[in-house]
Amino acid sequence: MGEGNKRKRMLSLFGWVALAAALGCYGWYQIHLPLNRLHSNDFKHMYLGAKIMRQGHSPYDAERLLYEAREHRFQTILPYVYPPFTGIVLMPLSYLPFGKALLVWFFISHVLMLAAINLIICSVYGRWSPAPAAFWVFYAALFFPLTRNLTAGQLNVALLFCYALIWYFHEKQKPIAVGFATAFGTMFKISPAILFLYFIWKRQWKNLLWGGVFTAGILLVSIAFVGWQTHREFIPLARQMSFGRSTWEEYGHDFYRQPFNQSFNSFFHHIMTKNPHTNPLLKLPKPYADKMTMLVSLILLVAVLYCARSKSQWNLSDYREQRDYALFIMLSLFLPSLCWDHYLVQMFYPMIVIGYGAARRGWRLMLPFLAAALYILAMPFNFDSDAFRMGLGILMMSIKLWAALLIFILLLISVKHPLKTEAGAP
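A few points on the structure. Keep in mind that this is a model prediction, so the values were computed, not measured.

About the criteria used
Residues numbered from 1 in each chain as written. Predicted model: local features only at pLDDT ≥ 70, side-chain atom pairs only at ≥ 80, totals over all residues. Heavy atoms only, no water. Helix = DSSP H or I, 4+ residues; strand = E, 2+ residues; numbered from the N terminus. Rg over C-alpha atoms; globule rule 2.2 N^0.38 Å. Buried < 20%, exposed > 50% of the residue type's maximum accessible area, 1.4 Å probe, protein only. Contact = heavy atoms within 4.5 Å. Areas by Shrake-Rupley, 256 points an atom, 1.4 Å probe, with all protein chains shown as cover. Lys, Arg positive; Asp, Glu negative; His and termini not counted. Charge placed at Lys NZ, Arg CZ, Asp CG, Glu CD. Patch = residues over 30% accessible without salt bridge, like charges linked within 9 Å, V, L, I, M, F, W, Y side chains within 5 Å. Salt bridge = Lys/Arg side-chain N within 4 Å of Asp/Glu carboxyl O. Axes fitted to C-alpha atoms, helices over the stretch in contact; angles between N-to-C directions. Parallel < 35°, antiparallel > 145°, perpendicular 65-115°, else oblique. Left-handed = near helix turned anticlockwise from the far one by under 90°. Polar contact = N/O pair within 3.5 Å; in protein donor to acceptor, adjacent residues only side chain to side chain. Phe/Tyr/Trp six-rings, centres within 6.5 Å; stacked < 30°, edge-to-face > 60°. Lys NZ or Arg CZ within 6 Å of the ring centre and 35° of its normal. Core = buried A, V, L, I, M, F, W, Y, C linked by side-chain atoms within 4.5 Å.

### Observations regarding the overall build of the chain
- Check the secondary structure of the chain and you find 18 helices and zero strands.
- For the chain, the C-alpha radius of gyration of 22 Å lies close to 22 Å, the compact-globule estimate for 426 residues.
- C-alpha extents for the chain along the principal axes are approximately 75 × 50 × 45 Å.
- Within the span of the chain, comprising 426 residues, buried residues form 54% of the whole.
- In the chain, the share of contacts with a sequence separation of at least 24, taken over all contacts with a separation of at least 6, comes to 72%.
- A total accessible area of about 19200 Å² is found for the chain, and carbon and sulfur atoms account for 66% of it.
- Within the chain, the 19 negative side-chain charges are centred at a point lying 9 Å from the centre of the 39 positive side-chain charges.

### Some details on a nonpolar patch on the surface
- Residues Leu281, Leu282, Leu284, Tyr288, Leu392 and Leu395 make up a contiguous nonpolar surface patch of about 560 Å² in total accessible area.
- Note on placement: Leu395 falls in the loop between α17 (367-378) and α18 (399-414).

### Topic: the pattern of salt bridges
- One pass over the structure, following the stated rule, counts nine salt bridges.
- Across the pair Lys202 and Glu321 runs a salt bridge, and its minimum N-O distance is 3.2 Å. In this pair, Lys202 is assigned in the loop between α10 (194-201) and α11 (205-226) and Glu321 in helix α15 (residues 319-334), connecting sequence segments 119 residues apart.
- For Glu321, a relative accessible area of 6% puts it in the buried group.

### Side note on the environment of Leu365
- Mapped onto the elements of the fold, Leu365 is located in the loop between α16 (348-360) and α17.
- Relative accessible area serves as the criterion here: at 70%, Leu365 is assigned to the exposed category.
- The spatial distance from the C-alpha of Leu365 to the C-alpha of Asn382 is 30 Å, given a sequence separation of 17 residues.

### A few points about the side chain of Glu68
- Looking at the secondary structure, you find Glu68 in helix α3 (residues 62-71).
- Glu68 sits in the buried class, given a relative accessible area of 5%.

### Considerations on the packing of helix α8 (residues 156-171) against α15
- Their axes nearest at 12 Å, the elements α8 and α15 cross at an angle of 150°. When the axis of α8 is compared with that of α15, the two are roughly antiparallel. In this structure, α8 meets α15 at a crossing whose hand is right-handed. Residues Tyr163, Ile166, Trp167 and Glu171 of α8 touch α15, and the partners they reach there are Glu321, Gln322, Tyr325, Ile329 and Ser332.

### Details of the environment of Ser297
- Tracing the backbone through its elements, the reader meets Ser297 in helix α14 (residues 286-307).
- C-alpha of Ser297 to C-alpha of Pro336: the two residues are 39 residues apart in sequence and 8.9 Å apart in space.
- Polar contacts involving the side chain of Ser297 include one to the main-chain carbonyl oxygen of Thr293, which spans 2.8 Å.

### What to know about the packing of aromatic side chains
- Taken as a whole, this structure holds 40 aromatic pairs when the rule is applied.
- Ring geometry for Phe85 versus Phe184: centroids 5.4 Å apart, planes at 85°, classification edge-to-face. Here Phe85, found in helix α4 (residues 84-90), pairs with Phe184, found in helix α9 (residues 175-189); they are 99 residues apart in sequence, far enough to count as distant.
- Members of the aromatic cluster, connected to one another through ring pairs, are Trp167, Phe196, Tyr198, Phe199, Tyr325, Phe328 and Tyr349.
- The ring centre of Tyr95 lies 4.2 Å from the NZ or CZ of Arg54, which sits over that ring.
- A cation over a ring is seen here: Lys291 above Tyr288, with NZ or CZ 5.9 Å from the ring centre.

### Topic: the nonpolar core
- Judged by nonpolar contacts, the single largest core of 127 residues is most densely connected at Met113, Trp136, Phe143, Phe348, Met351, Leu377 and Ile407.
- It is helix α5 (residues 98-125) that contributes the most residues to this core, 14 residues altogether.
- In this structure, Phe348 is in contact with Met113, Ile117, Ile120, Trp136, Tyr139, Ala140, Phe143 and Leu160, ignoring residues within four places of it in sequence.
- In this structure, Met379, Phe381, Phe383 and Phe388 belong to the second largest nonpolar core, which totals six residues.

### Notes on the side chain of Asp42
- With respect to the secondary-structure elements, Asp42 resides in the loop between α1 (2-35) and α2 (43-54).
- Despite its burial, Asp42 remains without a salt bridge, the nearest opposite charge being carried by Arg148 at 6.8 Å.
- In contact with Asp42, not counting residues within four places along its chain, are Leu78, Tyr82, Ala152, Gln154 and His342.

Shape descriptors only; they carry no functional weight alone.
Next up, the structure:
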């Protein structure tokens, strides 16, 4: 007995030392180094959008946004493409000078990132432990899409935290809190709306009800703050983000097929249709790429719905339930026309779920594929290289899409393996 306790204390000590080292790496690679190159490419239009709404104007007015950009001496500016509620949430930052607002958002993102990792570990592993926290914090330290998110000032860390919080409240069986967190995420950046389909498919009626109630409530509050007309102006802009279309096309933008866009829609345009980024293998009319995207999206949706069939006897802490939730998060990344490489920060919940499954439940054959996918997702990559503009090299322009798809496939097949008890797990 004494020998066993000594071993546990040694393992615990090793875990804490590893966690301290991982936090040191995180501080160096994700705080110190990014602070020296905060280009704020995305935060600029979020900041200006919030400021414009605070002044009683519409952030969807291109001329107004460009005017504010000139006033702030921004060399470049992108369109404000978020719901009005996003600007309302960020509105307090618009009272600060831009540089200070950017730093505040930078450090808020770090708090949310570390909190999300720890929440997910508590849910997936059953309890918090320093060893898995050390591994995933260290991975986050080397995860280049996170660096891209931080230097651009993007929102993906906030969405990851929402996903982690929603599952945490769901495990605690607090449907009111689940509903509020889901509604907040949906109104903040639309993509978490996929969870309403998850609630319906899993027959989680209380979560669905409270999610709908709070979404309606937040929408009413948002309208009261900035007016109905601003919300109406968001609707045509949202349509411009559909397959084969782009916001600010009149200014020469084609976001739906940019090299850094890792969506299926971007890939099919690169490989099938005439475009300014590649010499495609096929030269078909533009609608063919959009139809192929819709077909693949339908296949992915059907695969998830089939594998996530409700079983009333499953426990919320069951790996299968966590896996199903992770699959719907993956759908939120795969289905839209935009999936910039920094969106992959949202994959931390699916990655931790399949990482736990592969490492702790004896699925050793998965480990090489999982390790390859995690490496590809984390590494810096020049999607815009000339080597990826023709022939089979075009496949490399979407390399992180293939790594994400591999994680998705591993999640789909993971429950086919016989589950081991904790006592029998390696």
